[in-house]
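Topology and contacts: notes
What follows is the residue order along each chain.
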Protein chains: 2
Amino acid sequence: GHCDTAPPDVLDRVRTLLQLCADRYYISPGESNSELFRRGWSCSYGPLGVELKRNLLQQWWHSVTGSRAWVFGVNTLSSSPVRAAGGARVVQSEPFQQILDQSELSREQLIQKLNRLLLSSPSVRTSLLQGALEQFVPSLEMVNKKLPFGLAESGPCFQPSDGCSAEVTQTSLVWFCSPRSSSQWLDHWARHRLKWWRKFALSPSDFSSAEVPENELEEKTSRGVKILYKFPWGLESLETLWCRGDAELLQVHKGIRSKLQTRDGRKSVPHVVSVSGNMDRGAMAYLSNSLQELRREDGRKRLQQRKVLKLHPVLAPVKVALDVGKGATVEMRQICEGLLQEFLEAKISAWPGYLEAVPTSLELLNAKYDEMGVLFTVVIGEKTLESGLLQVRSRDTTIRETMHISEIRNFLSKYVSAADKL
Amino acid sequence: GHCDTAPPDVLDRVRTLLQLCADRYYISPGESNSELFRRGWSCSYGPLGVELKRNLLQQWWHSVTGSRAWVFGVNTLSSSPVRAAGGARVVQSEPFQQILDQSELSREQLIQKLNRLLLSSPSVRTSLLQGALEQFVPSLEMVNKKLPFGLAESGPCFQPSDGCSAEVTQTSLVWFCSPRSSSQWLDHWARHRLKWWRKFALSPSDFSSAEVPENELEEKTSRGVKILYKFPWGLESLETLWCRGDAELLQVHKGIRSKLQTRDGRKSVPHVVSVSGNMDRGAMAYLSNSLQELRREDGRKRLQQRKVLKLHPVLAPVKVALDVGKGATVEMRQICEGLLQEFLEAKISAWPGYLEAVPTSLELLNAKYDEMGVLFTVVIGEKTLESGLLQVRSRDTTIRETMHISEIRNFLSKYVSAADKL
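Below is a short write-up of the structure. None of the values given here were measured: they were computed from a predicted structure.

Looking at the overall build of chain A
The helix and strand inventory of chain A stands at 15 helices and 17 strands. With respect to the principal axes defined by its C-alpha atoms, chain A has extents near 80 × 65 × 45 Å. For chain A, the residues scored as buried account for 56% of the 422 residues in total. Total accessible area computed for chain A in this model is approximately 18400 Å², and 50% of it derives from carbon and sulfur atoms. Distance from the positive charge centre (54 side chains) to the negative charge centre (47 side chains) of chain A: 6 Å.

So this is what it looks like as structure tokens:
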């Protein structure tokens, strides 16, 4: 693994992050989940991790499909019967067993039958490229045979690894353009993607882009750019852009150039620029980027360590936690329930801390919500019953503000949508 | 198939619907698609189908996770190494071939090695239930060992069929509650789900619910309710709810009752109510439900047939189409581009019809957008250049309104969010 030769403070930093992710419901507890997550693979996420990934994928979708006129969503199958030999295949156990159980078959017949079963089993996809290339022809009709246009998709893919296959949530934009413009489009999308990643970062400079050196270019590609994130253990690529030429498009459509030609008067076949990302690693990058460890002395001169997950407001899985102070009464809980309902209806993701009912100090509560990356904490107390006033604490400023109960929903809605527009 | 014995008008209706879906970018053209689609399986969707399914899944997610305090999202792997024998498995071709190529192996050794490879290959999931049951223990910690709570997930599953496996986009809510309350919770969720399906329907009465007769109960279930849709060819189930008892939960956690016990003072293990839906069939149900075929005579007494896809405003994939009248000028196109940018920024899904540039009559244009289910069509003409006024046509009323260009974005935003709140 990456960490084995890393210095101890790097190991510490990674361990702290993974422990926090498991403790605070980002990933399900368990060694293997941490390992998968660190390698940029899909794992069992906890509810906060699910929401973070959903938010990230939603932002990606809007940024790509909403960036230009002709970017369409596609949705292809994750396994498909018409792919070439090799790769991973979805094999049904029953027919497989039936062949093994046929004792009258010779060794050769057995091998022949098994080979045939394997080849007729659907392949699982390793990327979203193939599906988009297949969708090129119907899409070309839709845009009245004019370039450029793009096809966007996100979904699980399977990466072969150590004889096993790892699941990864990929995003893909496949951009079709004229041959002479493809290099410019690669630059356009590389800038677009880097800007997007940095938009949600606490330290934008940890995200960078780099041209792929000529000797590392993949087969059939003429240029490549990687969007990189500086993890504690080193650089990893989050998104990769390639100028792919027309070879794969021709291959998928069996070389029938006439099907692929556009209205621009030339006889050329479009070139393909692919932009594919790993959103499991993307979620990990933002978690790593947003974890702040602050040290300070408390009143008794003891060193206190405060960990805060400063996720961007649009990515933060929980926007507001609802809690009650000490000596909570039935009325206070009812106010919490009413507020929760209001938040849910306004689609503000809220954490019903008042239901946990383990009395704890305000300090421990704040520490917990900071580690969860909760933007605001609302505490209902005696005062709320008397005057309708409540305390709202901000994760980022740690300042407590007093607000009237009727204002809180609007305040949160405006805060989140303002952050989205920055 | 279902349709083989159906009367001709049913076949007609189904054919019309599927043709429209293929022509208007809901599904990719191709014969096999229609069969998959009719059987409620995932197919290659066109961009409008992708957006419809996205909207549907998003609504489902909000309605389930936003309905109560303790419903959490989970995200489990679509293939997992720790499941029992049988089912479909993701097998890597290379190690498989390597075993077949080992000529020194005897027939028995060959079979043994292949069996071992199959068993060590990850299983693909056929439902989301197993994943949620596995997440029960960490989730129980999160809610401080109190019931009830639920785990929600959506994603692709593989249904075995004819020795092959079909992909289906499933939704799942797994609800954990006390044994004595499970039947009441089943009723609660059945009402909740039926109300949700009807909310977006043009003819709500085509959606119904029915108790599963006792002799049709699945193994380990004590009650079941199905949410049904009346397709032209008959009833099909969109969502199924089961009272599952505690047997499967115990099985997943190897019978260790102490891990599963809650804080309610009793020694009982929670019961499980499962709610699982097929959103490929769901999308199809809404397409079928919203297709209106209207006949009327035109000015020359010819019978005209108008097809309108009256999808609910929150489900409709395209909220507004932007087009130019005859004799379009560069300035008119620039206005379209400006408006498109405004719509994309406001996350209003817009169709840039002005880019298609094939001159067509307004009548044909309206017919096309009606079949696409586009809510509003905005036409930029001479008048817009002069006075800033444009024509806005509503799909549902067919009425053309004149509006100032500065009002249109707000008008659309308000229309869609008002429809969402109904």
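What to know about the pattern of salt bridges
Close approach of charged atoms lets side chains of opposite charge pair. All names here are of chain A. Following the criterion strictly, the structure yields 36 salt bridges over all chains and no others. Across the pair Arg38 and Glu35 runs a salt bridge whose closest N-O atoms are separated by 3.0 Å. Of this pair, Arg38 and Glu35 both sit in helix α2 (residues 31–38), separated by three residues, roughly a single helical turn. Using a relative accessible area of 10% as the deciding quantity, one classes Arg38 as buried. Here the salt bridges share partners, and the residues they tie into one network are Glu35, Arg38 and Arg39.

Section: the interface of chain A and chain B
Taken together, the contacts link 78 residues of chain A with 76 residues of chain B. A buried area of about 6600 Å², summed over both sides, lies between chain A and chain B, and 57% of it is on carbon and sulfur atoms. Counting the surface chain A buries against chain B, the share from its top three residues, A:Asn75, A:Arg107 and A:Met142, is 10%. Remark: the boundary between chain A and chain B carries two salt bridges. Across the salt bridge formed by B:Asp420 and A:Lys347, the nearest N and O atoms sit 3.0 Å from each other.

Some words on the side chain of A:Thr221
All names here are of chain A. Tracing the sequence through the fold places Thr221 in the loop between β7 (207–211) and β8 (223–231). One polar contact links the side chain of Thr221 to the main-chain carbonyl oxygen of Glu218, over a distance of 2.6 Å. Ignoring sequence-local partners within four residues, the contact set of Thr221 consists of Trp242, Cys243 and Arg244.

Here we look at the sheet that holds strand β16 (residues 389–394) of chain B
Residues and elements named next belong to chain B. Pairing is mixed in the open sheet, where five strands are placed in the order β14-β13-β15-β16-β17. Both outer strands of the open sheet, β14 (350–351) and β17 (400–404), are each paired with one neighbouring strand and no more. Here five bridges tie β16 to β17, and the two strands are oriented antiparallel to one another. Bridged to Val392 within β17 is Glu401. Of the strands in this sheet, β13 (320–324), β15 (376–380), β16 and β17 touch helix α15 (residues 408–421), which is tilted by about 175° from β15.

Thoughts on the relation of the copies chain A and chain B
Relating the two copies of this chain is a rotation about some axis coupled with a shift parallel to it. Here chain A sits on chain B after a turn of 180° about the axis and a move of 0.0 Å along it, with an RMSD of 0.1 Å. Each copy turns onto its partner about a two-fold axis. Rotation axis and chain A: the residue whose C-alpha lies nearest the axis is A:Val90, separated from it by 2.3 Å. When the interface residues of chain A are mapped onto chain B, 97% of them again lie at the interface, so the same face is used by both copies.

Remarks on helix α8 (residues 182–199) of chain A
Side chains that are three or four residues apart share a direction in an α-helix, a result of its 3.6 residues per turn. All names here are of chain A. Across its 18 residues, α8 extends 26 Å between first and last C-alpha, which sits within 8% of the 26 Å expected from 1.5 Å per residue. Buried residues of α8: Ser182, Trp185, Leu186, Trp189, Ala190, Arg193, Leu194, Trp196 and Trp197, and no others. Mapping the buried residues of α8 onto a view down its axis gives an arc of 165°, with all of them on the same face. Counted as exposed and oriented over 90 degrees from the buried face of α8: Gln184, Arg191 and Lys195.

Notes on the environment of A:Gly30
Residue placement: A:Gly30 occurs in the loop between α1 (8–23) and α2. A:Gly30 sits 207 residues away from A:Ser237 along the chain, and the two C-alpha atoms are 25 Å apart.

Describing the packing of aromatic side chains
Each pair of aromatic rings is reported with the distance of its centres and the angle of its planes. Considering all chains together, one arrives at 46 aromatic pairs over all chains under this definition. Measuring from ring centre to ring centre gives 4.6 Å for A:Phe136 and A:Phe176, while their planes differ by 50°; the resulting arrangement is tilted. Of this pair, A:Phe136 sits in helix α7 (residues 136–142) while A:Phe176 sits in strand β6 (residues 164–177), and the two are 40 residues apart along the sequence. The exposure classification of A:Phe136 matches that of A:Phe176, with both residues buried. Considering the side-chain rings of A:Phe376 and A:Phe411, the 5.2 Å spacing of their centres and the 70° angle between planes classify their relative orientation as edge-to-face. Taken together, the residues A:Phe376 in strand β15 (residues 376–380) and A:Phe411 in helix α15 (residues 408–421) connect sequence positions 35 residues apart. Residue classification places A:Phe411 among the partly exposed residues on the basis of a relative accessible area of 25%. One aromatic cluster in this structure is built from A:Trp196, A:Trp197, A:Phe200, A:Phe207, A:Tyr229, A:Phe231, A:Trp233 and A:Tyr286. Note that B:Arg54 overlies the ring of A:Trp61, its terminal NZ or CZ placed 4.1 Å from the centroid.

So, helix α12 (residues 330–345) of chain A
Residue and element names in this part refer to chain A. For α12, spanning 16 residues, the distance from its first C-alpha to its last is 23 Å, which sits close to the expected 22 Å at 1.5 Å a residue. Those residues of α12 not exposed but buried are Met332, Cys336, Leu339, Leu340, Phe343 and Leu344. For α12, the arc enclosing every buried residue in end-on projection is 135°, short of the 170-degree limit, so these residues lie on one face. Residues of α12 that are exposed and angled more than 90 degrees away from the buried face: Val330, Gln334 and Glu345.

Here's the deal with the sheet that holds strand β17 (residues 400–404) of chain A
All names here are of chain A. In space, the five strands of this open sheet follow the order β14-β13-β15-β16-β17, with mixed pairing throughout. Edge positions in the sheet fall to β14 (350–351) and β17, since each of these pairs with one other strand and no more. Looking at chain direction, β15 and strand β16 (residues 389–394) are connected through four bridges and run antiparallel. Its bridge partner lying in β16, Thr377 is registered against Arg393. Lying over the sheet, α15 contacts β13 (320–324), β15, β16 and β17, oriented at roughly 175° with respect to β15.

Brief notes about unusual backbone geometry
Negative phi is the rule for most residues except glycine; trans is the rule for most peptide bonds. In this structure, the amide linkage connecting A:Leu147 to the following residue, A:Pro148, adopts the cis form with an omega of -10°. By the element assignment, A:Pro148 lies in the loop between α7 and β5 (149–161). For B:Tyr25, which is not glycine, the phi torsion reads 70° and is therefore positive. You can see B:Tyr25 is positioned in the loop between α1 (8–23) and α2 (31–38). What makes B:Tyr25 buried here is its relative accessible area of 14%. Not every positive phi belongs to a glycine, and B:Asn144 is a case in point at roughly 60°. By the secondary structure assignment, B:Asn144 is in the loop between α7 (136–142) and β5 (149–161). With a relative accessible area of 12%, B:Asn144 lands in the buried category.

Re the pairing of β13(B)
Residues and elements named next belong to chain B. Most of β13 is tucked away, with five of its five residues classed as buried. Alternating positions in β13 separate into two faces, Val320, Leu322 and Val324 on one and Ala321 and Asp323 on the other, with burial throughout. Judged from the two bridges that link them, β13 and β14 form a sheet pairing that is parallel. Looking at β14, one finds that Val320 is bridged to Ala350. Remark: the β13/helix α12 (residues 330–345)/β14 crossover connection has right-handed handedness. As paired elements, β13 and β15 share five bridges and run parallel to each other. Bridging across to β15, Ala321 finds its partner in Thr377.

Quick notes on the rules
Residues numbered from 1 in each chain as written. Chains lettered and ligands numbered in written order. Predicted model: local features only at pLDDT ≥ 70, side-chain atom pairs only at ≥ 80, totals over all residues. Heavy atoms only, no water. Helix = DSSP H or I, 4+ residues; strand = E, 2+ residues; numbered from the N terminus. Buried < 20%, exposed > 50% of the residue type's maximum accessible area, 1.4 Å probe, protein only. Areas by Shrake-Rupley, 256 points an atom, 1.4 Å probe, with all protein chains shown as cover. Lys, Arg positive; Asp, Glu negative; His and termini not counted. Charge placed at Lys NZ, Arg CZ, Asp CG, Glu CD. Salt bridge = Lys/Arg side-chain N within 4 Å of Asp/Glu carboxyl O. Contact = heavy atoms within 4.5 Å. Buried area = accessible area lost by both parts, 1.4 Å probe. Polar contact = N/O pair within 3.5 Å; in protein donor to acceptor, adjacent residues only side chain to side chain. Pairing = 2+ DSSP bridges. Axes fitted to C-alpha atoms, helices over the stretch in contact; angles between N-to-C directions. Least-squares fit on C-alpha atoms with pLDDT ≥ 70 in both. Expected span 1.5 Å × (residues − 1). Arc of directions from axis to C-beta. Phe/Tyr/Trp six-rings, centres within 6.5 Å; stacked < 30°, edge-to-face > 60°. Lys NZ or Arg CZ within 6 Å of the ring centre and 35° of its normal. Right-handed = clockwise from strand over helix to strand, strands pointing away.

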